[in-house]
Amino acid sequence: MQKITRIVLVDDDQDLCDLLKMELEASGRFQVTASSQSGSALALIKTERPDLAILDINMPEIHGVELATTLAQDPQTAGIPILYLTGMVSPEEVNQLGGGHSLQTLVSKQSPITELVAAIDNLVSP
Amino acid sequence: MPIPAHTVLLIDDNKVTRTPLVTVLEQADYKVVLGGNAEEAMKLLRTLMPDIILLDVMMPGINGFSFCRKLKKNKRYQDIPVIFLTSLSQQTDIVKGFDAGGQDYIIKPFNQQELLARVRTHIHLHDTLLENKRLSQLALDASRSKSEFLASMSHEIRTPLNSIIGMAEVLAETTLSEEQHEYVRIFRSAGESLLEIINDILGLSKIEAGQTELETIDFDLPTLLESVTTIVSLRADEQETTISTHIDSDVPFYLKGDPTRLRQILLNLVGNAVKFTEKGQVEITVSTKSLPGPDQELLFTIKDNGIGIPADKQQLIFESFTQADSLTTRKYGGTGLGLTICQKLLTIMQGHIWLTSQPGKGSTFFFTIPFSQATAPRPEINTNSELQSASCDLLPSARILLVDDNQDNCNLIRLYLRSTPFTLKTAENGQEAVKVFCAKPYDLILMDIEMPIMDGYEATQKIRQWEQKHKRAPVPIIALTAHAFIRFKKKCLDAGCNDFLTKPVKKSKLIETIATHLQLTNQIQTEPVAMAPAGATDGKDDPNKLVLDQKLAKLIPRFMINKKQDAKKMLATLATGAMQDLKKQAHTVKGTSWMYGFTHLGDLCLALEKSAEAHDLTQAKHLIDEIITYLDTVHIHYQKPDNTDG
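Residues numbered from 1 in each chain as written. Chains lettered and ligands numbered in written order. Predicted model: local features only at pLDDT ≥ 70, side-chain atom pairs only at ≥ 80, totals over all residues. Heavy atoms only, no water.

Participant: Can you walk me through the overall build of chain A in this structure?
Facilitator: Counting secondary structure elements, chain A contains five helices and five strands. Element order for chain A, N to C, with α for helix and β for strand: β-α-β-α-β-α-β-α-β-α. For chain A, with 126 residues in total, the buried portion stands at 46%. Sequence-distant contacts, at least 24 apart, represent 64% of the contacts inside chain A between residues at least 6 apart. As displayed, chain A offers around 6000 Å² of accessible surface, 52% of which is attributable to carbon and sulfur atoms. (Helix = DSSP H or I, 4+ residues; strand = E, 2+ residues; numbered from the N terminus. Buried < 20%, exposed > 50% of the residue type's maximum accessible area, 1.4 Å probe, protein only. Contact = heavy atoms within 4.5 Å. Areas by Shrake-Rupley, 256 points an atom, 1.4 Å probe, with all protein chains shown as cover.)

Participant: Quick question: what am I supposed to make of the sheet that holds strand 1 (residues 7-11) of chain B here?
Facilitator: Working definition: the strands of a sheet are paired by backbone hydrogen bonds and lie parallel or antiparallel to each other. Residue and element names in this part refer to chain B. Judged by pairing direction, the sheet is parallel, and its five strands sit side by side in the order 2-1-3-4-5 without closing on themselves. With partners counted over all chains shown, the strands left at the sheet margins are strand 2 (31-35) and strand 5 (104-107), one partner each. Between one strand axis and the next, the sheet turns through 20 degrees on average, direction left out of account. Here strand 3 (residues 52-55) runs beside strand 4 (residues 82-86); their pairing, made up of three bridges, is parallel. Paired with Leu54 across the bridge in strand 4 is Ile83. Running over the sheet, helix 1 (residues 15-27) touches strand 1, strand 2, strand 3 and strand 4 and is turned about 160 degrees from strand 2. Contacts between helix 3 (residues 64-73) and the sheet are confined to strand 1, strand 3, strand 4 and strand 5, with strand 4 contributing the most and set at about 175 degrees to the helix. (Pairing = 2+ DSSP bridges. Axes fitted to C-alpha atoms, helices over the stretch in contact; angles between N-to-C directions.)

Participant: Just to check I follow, could you spell out unusual backbone geometry for this structure?
Facilitator: Negative phi characterises most residues that are not glycine, and trans characterises most peptide bonds. Residues and elements named next belong to chain B. With an omega of -5 degrees, the peptide bond running from Lys108 to Pro109 counts as cis. Checked against the element boundaries, Pro109 lands in the loop between strand 5 and helix 5 (112-173). Although it is not a glycine, Asp29 adopts a positive phi angle of roughly 75 degrees. Topologically, Asp29 is positioned in the loop between helix 1 and strand 2. Non-glycine residue Lys279 carries a positive phi angle of around 50 degrees.

Participant: Would you explain the pattern of salt bridges in this entry?
Facilitator: Scanning all chains against the criterion turns up 26 salt bridges over all chains. Notably, a salt bridge pairs B:Arg261 with B:Asp258, separated by 3.5 Å at the nearest N-O pair. When the shortest N-O distance is used, the salt bridge between B:Arg558 and B:Asp499 registers 3.5 Å. Within this pair, whereas B:Arg558 is found in helix 17 (residues 556-576), its partner B:Asp499 is found in strand 17 (residues 499-502), the two being separated by 59 residues in sequence. Of the residues examined, B:Asp499 reaches a relative accessible area of 10% and is grouped as buried. A single network of salt bridges, built from pairs that share partners, joins A:Asp13, A:Asp15, B:Lys563, B:Asp566 and B:Lys569. (Salt bridge = Lys/Arg side-chain N within 4 Å of Asp/Glu carboxyl O.)

Participant: Honestly, the nonpolar core in this entry has me stumped. Any pointers?
Facilitator: Side chains of a nonpolar character, in soluble globular proteins, are inclined to be buried together. All names here are of chain B. Ile556, Phe598 and Ile636 are the most contacted members of the largest nonpolar core, which has 55 residues in total. Looking at which element gives the most residues to this core, the answer is helix 17, with seven residues. Counting residues in hydrophobic clusters, the runner-up holds 41 residues, among them Ala273, Phe300, Leu339 and Phe365. (Core = buried A, V, L, I, M, F, W, Y, C linked by side-chain atoms within 4.5 Å.)

Participant: Is there a simple way to think about the pairing of strand 21 (residues 635-639) of chain B in this case?
Facilitator: A regular strand carries its side chains on alternate faces of the sheet. All names here are of chain B. Buried residues dominate strand 21, accounting for four of its five residues. Where strand 20 (residues 545-549) and strand 21 come together, five bridges link them in parallel fashion. Across the sheet, Leu546 pairs through a bridge with Ile636, a residue of strand 21.

Participant: Explanation requested: the interface of chain A and chain B in the structure shown.
Facilitator: At the junction of the two partners, chain A supplies 19 residues and chain B supplies 18 residues. Summing both sides of the interface, chain A and chain B together bury roughly 1600 Å²; the carbon and sulfur share of this comes to 62%. Considering only the surface of chain A that becomes buried against chain B, A:Asp15, A:Leu19 and A:Lys109 emerge as the three largest contributors, covering 32% of it. Along the contact surface separating chain A from chain B lie two salt bridges. A salt bridge links B:Lys563 to A:Asp15; the nearest nitrogen and oxygen atoms lie 3.1 Å apart. In this structure, the connection of chain A to chain B is made through eight residue pairs in polar contact (both at pLDDT 80 or more). (Buried area = accessible area lost by both parts, 1.4 Å probe. Polar contact = N/O pair within 3.5 Å; in protein donor to acceptor, adjacent residues only side chain to side chain.)

Participant: How should the packing of helix 8 (residues 259-275) of chain B against helix 10 (residues 338-348) of chain B be read in this particular structure?
Facilitator: For any two helices packed against each other, the geometry comes down to the angle between their axes and how far apart the axes lie. Residue and element names in this part refer to chain B. Two elements in contact, helix 8 and helix 10, have axes separated by 10 Å at closest approach and are oriented at 145 degrees. Between helix 8 and helix 10 lies a crossing whose hand is left-handed. Mapping the contact onto sequence places Arg261, Gln264, Ile265, Asn268, Leu269 and Asn272 in helix 8 and Gly338, Leu339, Ile341, Cys342, Leu345 and Leu346 in helix 10. Grouping the constituent residues of the contact of helix 8 with helix 10 by class yields seven nonpolar, four polar and one charged. (Left-handed = near helix turned anticlockwise from the far one by under 90°. Nonpolar A, V, L, I, M, F, W, Y, C, P; charged D, E, K, R; others polar.)

Participant: Can you help me understand the packing of aromatic side chains in this one?
Facilitator: A ring pair, where both rings are aromatic, is described by two values, the distance of the centres and the angle of the planes. For the structure on display, the rule yields seven aromatic pairs over all chains. Above the ring of B:Tyr442, the side-chain terminus of B:Arg399 is found at 4.2 Å from the ring centroid. (Phe/Tyr/Trp six-rings, centres within 6.5 Å; stacked < 30°, edge-to-face > 60°. Lys NZ or Arg CZ within 6 Å of the ring centre and 35° of its normal.)

Participant: Would you mind going over the confidence of the model for chain B with me for this structure?
Facilitator: All names here are of chain B. Across chain B, pLDDT averages 82, with 87% of residues at or above 70. Within the model, the stretch residues 376-391 combines pLDDT values under 50 with 31 contacts to residues more than four positions away or in other chains. Counting interchain partners and residues more than four positions distant, the pLDDT-below-50 stretch residues 530-539 has 19 contacts. Predicted as a complex, the structure gets a pTM of 0.44 and an ipTM equal to 0.88. (pLDDT = per-residue confidence, 0-100.)

As structure tokens, this is what we get:
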């Protein structure tokens, strides 16, 4: 029996939250808590302590990278792998983000879901 | 004996005449202040408040008549009685004195005793006037504080009462024995009656506290009358009473005024007429009375042949909490505030209300209201919805099933949809809805949630099961519920509803939601596509034909509605010129569209994001238009999930 991966997903579009929650949970391998309220994302991740956080980057209340940095600085949440899911397309945009976190991956919203699932597996597998 | 001494201001330039006068007045215990002329008197009056002024007419500078006129124009001095004291004895002079505002006129030479008697009388009258003014101000203040107290109390009571009623509603939805259900029903209906009373009190106290602001807007009278009769027609039908309306040919259809208050007054009077009339007739007539100028007065007549009101009670019924007798209250219910509210509202609106009545024969209520004719009649007779007049013609015809146990709600929705091409059929509860729908499917269902026998959740689930069994496309089901809580919304969507509206629903919102779902039904086809390529595919040749995975079917209607709204928001943002915000909006919609498989839509948003960054307003406008057109015209086909697990 495979362990169920607990994921917190933060994206400011509720439709995207609904879609990914449905898609990921349909596989039976993930349990997703999705929120479109980026402002309360930090608190949500601290309470949930998920196995992985999927973050949008351009959000109205908090920038995804800023959120990840805050998480990395807190010993309680520092170990949570981060997967950025972004609509950014140009390499310049992506390069601007910089590093700072070893357990992080970036997946484009243009990619099929299978690619997202592969990236998740890559981050959480021992 | 005046205690403390009353003050007399004597204004006369002639020492010879004024000296004996001072002696006489002082002997009678008046305090006398002298003014040698009008200018000097004016200066004295800055600090002095005399109880009476004795005023000579012929003086150097300003004469007595002019001085008096000046005085009477000033709010501070206008109540001080003025007695002219002069040798001018012509009839025209005397009249001039009274015209100038004087209270009395004494011709020199005068009798001392007569003068004292007149001074005494006028001071007494003046004292009485002041006392009356003080009392009336006290009464006004007391009434205002009472109303303010009531208004705030009513508000304080209303808030917890709403919770009580709301909780009773929630309780009614839980599993209860039949006995408990009955108890909860009584508890709810008692709460609702209490709320109604409090609303009336609040309405009345607002009027009395002078917090009622009247609107002046254009409206159309026939529609307003019809909305009133529709609401009361349910009760009238039950009592086998007919309601007829007649509007005289010279009454303008389009008026300027306060339609909300007029409706409130009519609802009260017509509602009363129906309430007290069994197996009879209620006739509403509107006629005009011309007023000077462009204004017109309308005369409304509400005539019934019900129980009538005894002559000695006819004035009493306009007083708060009064009905013709306590037996009436027991038999017919009501707070007895309705007519009081009508009367007060009409007073504010510069109208009048009166009645004629004969016990056993019926009553006729009359009221008048001044109105001006609306300057530009609207193009359509249908009113009261911004959406309706604009785009009703564009609505498709559709058969709609309304499921609601409350007749008032059904009537209201029927009224809302009256001028649309939709045909409406009603079902009283979930069980009936399932039966009716499965026998002959409809294009859309409006589903109340809280209903006896079978609630909206269960009915929706049963309909969805039936559709699956018969391989039918899911009909749009819009839940209607009084609960605004998110968890109810989730429960509705989980049960299989496509959308959710909170009661009381606005007409424009209802029509817009129905129209959106009907359009979506045409755009989305659930039949599997035979020749579809594997995977979610955005037809490269024709982006307007989109093939998506069947499992997305549940999410697509909401996605479409939300993205249409997002597009509208983008237009609004573009109008403000906030291009940075527009860029962010486009960016968000882009990512989500791609993930849903709406590649073309995502690409359009990407282009929009770029033109927003480049401040290219023309291109941005063009792209948003294209996005809206795309959302309105795209056809979606669903494909069965791929079994080959590719």
